[in-house]
Amino acid sequence: MITAGQNIETADPTNIVIFGAAGDLTKRKLMPALVRMIDCGLVHTDSRILGVVNNRTEEVWLSLIHDGLQEYSPHLNMNEQRWAEFSSRLNMVPGDLGDDETYGRLAEALETLGGKKNAMFYCAIPPDWYGRVANGLERVGLVEESDGYRRLVIEKPFGMNLESARELNEELQSVFNEKQIYRIDHYLGKESVQNLLVYRFANSIMEPLWNRNYIDHIQISVAETLGIEYRAKYYDHSGALRDMIQSHLMQMMTLVAMEPPVEFTADAVRDEKMKVLRAVRRFDPGQVKDQTVAAQYASGVIDGVKELAYVAEEGVSPDSVTETFAAVRFYIDNWRWQGVPFILWSGKRLQKRVSEVMIRFRKPPFNLFDSHASIPAPNALVFRLQPDEGVVLRLNAKKPGLTTDNEEMVMRAPYGADASEVGDAYEVLMHDVLTGDGTLFSRSDEVEESWEIIEPILQAWEDRVSIERYRAGTWDIAAMDTLASDCACGWHKPS
Ligand code: BG6
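Remember, it's a predicted structure, so these values are computed and weren't measured experimentally.

This brings us to the packing of helix α6 (residues 162–173) against helix α12 (residues 444–462). Between α6 and α12, the least distance of the axes is 9 Å, while the angle of their chain directions is 165°. Between α6 and α12, the angle falls in the class roughly antiparallel. In the crossing of α6 with α12, the sense of the turn from one axis to the other is left-handed. Residues L162, A165, R166, N169 and Q173 of α6 touch α12, and the partners they reach there are S444, V447, E448, W451, E452 and E455. Considered class by class, the residues forming the contact of α6 with α12 number four nonpolar, three polar and four charged.

Written as structure tokens, this is what we have:
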């Protein structure tokens, strides 16, 4: 977590404009992050937060934000005095996003407040509205950067396939230039994900091992116990491949696989990530079946609570074959990674909530200790991204006593003294937008390239009429064992 007193840059005064300011993302993530950022002095005291809200009075909106902070972020201790300070920075602009007058009102409000200076426009709204908002802002002169910067922040999904991703990019780039657009992938804002880069590029012992000569395969996983919650409408059209693999997991794969950038700047890092994507082997439609897994949760029990099957969730059609679990086996055809499988998988209602990057090293070439009882296991380096952030190294060591038998020894390095030190991605990412650092945001070419890679999978899955089912609260997905059968130690289910 960013804490007061750290050596961090306070951003210039900025008008932080949130479209969808009464929505869930605003209540759960954006407002708590802004409270923390203000606490830590990351937001300039002259900055204002403007919520664009429809069909509510300012009073109702403020109490909604207040209640949201109490409900979702009790740790912020939003008592009367703190709320009075925070709410004095909030203003509401009423209006419908489809109505040109709303943007006129916004321009006026900005003029009155801060003389149209720097502005960050955060779209916490469904993606179909991004283009409309961009055009609305342009019409009232809020895109040009003559009297301060103007930055547009959007959340995934950036399209639902290659074609729609291109259309969205074109639409936004016809209004904003690419450097003004910040595409959030909140996984890249997680400290533990950034720590992966520091581990790779601040330790000289990593680099010699980080290639096909020593690594058998890599698994990148996000397992969730949550279901789809209130998002059936979006999720049933999206599925786990679009929702998680195309975005968060492929982004993490680029960080794991990329070459050292020449400098830690937005374009240098993104150029390297882009090279990885360009080297990802394209899927032949005929091979998709052998390189992927799709499955859907059936009913089951998690932490003693009986959970419904996906098809019984509110808003999901009973004959839906949308995948709530997806896995893809990628190859990166370059010198470093030739022949090394990257297995990316993610699913909902699994046994445990855990995200990891696991680097599995090759088996020792020869078993010197002639013991059938204990053939040394291939080593593994595991980056635990959440929860219990940290790094785990699995080595083999001698069992105590008159024997050369070995057993696994686990070296754990927790990240941060305790979980409360690991901050929320939105604090990091919003601060980056305010200070103009695009390193942790996806560039348009990365987004399009990753859609292009998975397009054959989307097409092959389109005509699916049935899907493998797994019991909620389990890892019972037999196809995963097949997908990883030739990898050292097979499918790694996080423990
Ligand atoms: C979102 C997905 O991008 O990430 C959700 O749309 C998913 O389906 C979420 O649950 C996971 O994020 P986190 O930070 O909770 O691991």
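Having seen the model, we can carry on.
Going through the model one piece at a time under the given rule, you end up with 17 aromatic pairs. The interplanar angle of 80° and the centroid separation of 5.7 Å between the aromatic rings of Y297 and Y310 together place this pair among those described as edge-to-face. Of the two residues, Y297 is situated in strand β8 (residues 292–298) and Y310 in the loop between β10 (305–307) and β11 (325–330); the sequence distance between them amounts to 13 residues. When sorted by exposure, Y297 lands in the same class as Y310, which is buried. Here R151 stacks its cationic end above the ring of Y149, 3.4 Å away from the centre of that ring. Positioned above the aromatic ring of Y187, the side-chain terminus of K190 is 4.5 Å from the ring centre.

What follows concerns helix α7 (residues 191–201). Three or four residues apart is the spacing at which side chains of an α-helix point the same way, because the helix has 3.6 residues per turn. Looking only at α7, the buried set comprises E191, S192, V193, N195, L196, L197 and R200. Elements that come into contact with the buried residues of α7 comprise α8 (232–257), β13 (354–361) and β14 (380–386).

Another aspect to go through is a nonpolar patch on the surface. Among the surface-exposed residues, F366, L368 and F369 lie close enough to one another that they form a single nonpolar patch of about 360 Å² accessible area. The topology assignment puts F366 in the loop between β13 and β14.

A few words on empty space enclosed by the protein. Tallied over the full model, the rule gives three cavities of 30 Å³ or more. Along the wall of the largest cavity there are 13 residues; nearest its centre are Q246, S247, Q251, S442 and S450. Listing elements by their share of the lining of the largest cavity, those giving two or more residues are α8 and α12. The element contributing the most residues to the lining of the largest cavity is α8, with five residues.

Glancing now at the environment of D185. Here D185 is to be found in the loop between β6 (181–184) and α7. We classify D185 as buried; its relative accessible area is 3%. Taking C-alpha positions, D185 is 6.4 Å from F441, a pair spaced 256 residues apart along the chain. Aside from chain neighbours lying at most four places away, what touches D185 is S247, H248, Q251, L429 and S442.

Attention shifts here to the layout of surface pockets. In this structure, the second largest pocket occupies an estimated 380 Å³ of space. Contributing to the lining of the second largest pocket are 16 residues, with V288, K289, D290, T292 and V293 lying nearest its centre. Taken together, the elements giving at least two residues each to the lining of the second largest pocket come down to α10 (288–291), β8, α12 and α13 (478–483). Take the lining of the second largest pocket: its biggest share by element is four residues, from α10.

What follows covers the pairing of β8. In terms of residue burial, β8 counts as a mostly covered element, since six of its seven residues are buried. Bridge count for β8 against strand β18 (residues 468–471) is four bridges, and the pairing is parallel. The residue of β18 that forms the bridge with A295 is E468.

The ligand sits among K156, H186, Y187, K190, E224, R231, D243, M244, H248, K348 and Q386. A distance of 2.6 Å separates an oxygen atom of the ligand from a polar atom in the side chain of D243. In this structure, Q386 approaches the ligand through a side-chain N or O atom, which is 2.7 Å from an oxygen atom. When isolated, the ligand has an accessible area of 400 Å², and the protein chains bury 80% of it. For the shell around the ligand, the element with the most residues is α8, which contributes three residues. Class assignment for the residues of the shell around the ligand results in two nonpolar, three polar and six charged.

What counts as what
Residues numbered from 1 in each chain as written. Predicted model: local features only at pLDDT ≥ 70, side-chain atom pairs only at ≥ 80, totals over all residues. Heavy atoms only, no water. Axes fitted to C-alpha atoms, helices over the stretch in contact; angles between N-to-C directions. Helix = DSSP H or I, 4+ residues; strand = E, 2+ residues; numbered from the N terminus. Parallel < 35°, antiparallel > 145°, perpendicular 65-115°, else oblique. Left-handed = near helix turned anticlockwise from the far one by under 90°. Contact = heavy atoms within 4.5 Å. Nonpolar A, V, L, I, M, F, W, Y, C, P; charged D, E, K, R; others polar. Phe/Tyr/Trp six-rings, centres within 6.5 Å; stacked < 30°, edge-to-face > 60°. Buried < 20%, exposed > 50% of the residue type's maximum accessible area, 1.4 Å probe, protein only. Lys NZ or Arg CZ within 6 Å of the ring centre and 35° of its normal. Patch = residues over 30% accessible without salt bridge, like charges linked within 9 Å, V, L, I, M, F, W, Y side chains within 5 Å. Areas by Shrake-Rupley, 256 points an atom, 1.4 Å probe, with all protein chains shown as cover. Salt bridge = Lys/Arg side-chain N within 4 Å of Asp/Glu carboxyl O. 1 Å grid on protein atoms, 1.4 Å probe; cavity = no way out; pocket = protein on both sides within 12 Å on 5 of 7 lines; lining within 4 Å. Points joined across faces, edges and corners; volume = space filled by probe spheres on them. Pairing = 2+ DSSP bridges. Near = heavy atom within 4 Å. Polar contact = N/O pair within 3.5 Å; in protein donor to acceptor, adjacent residues only side chain to side chain.

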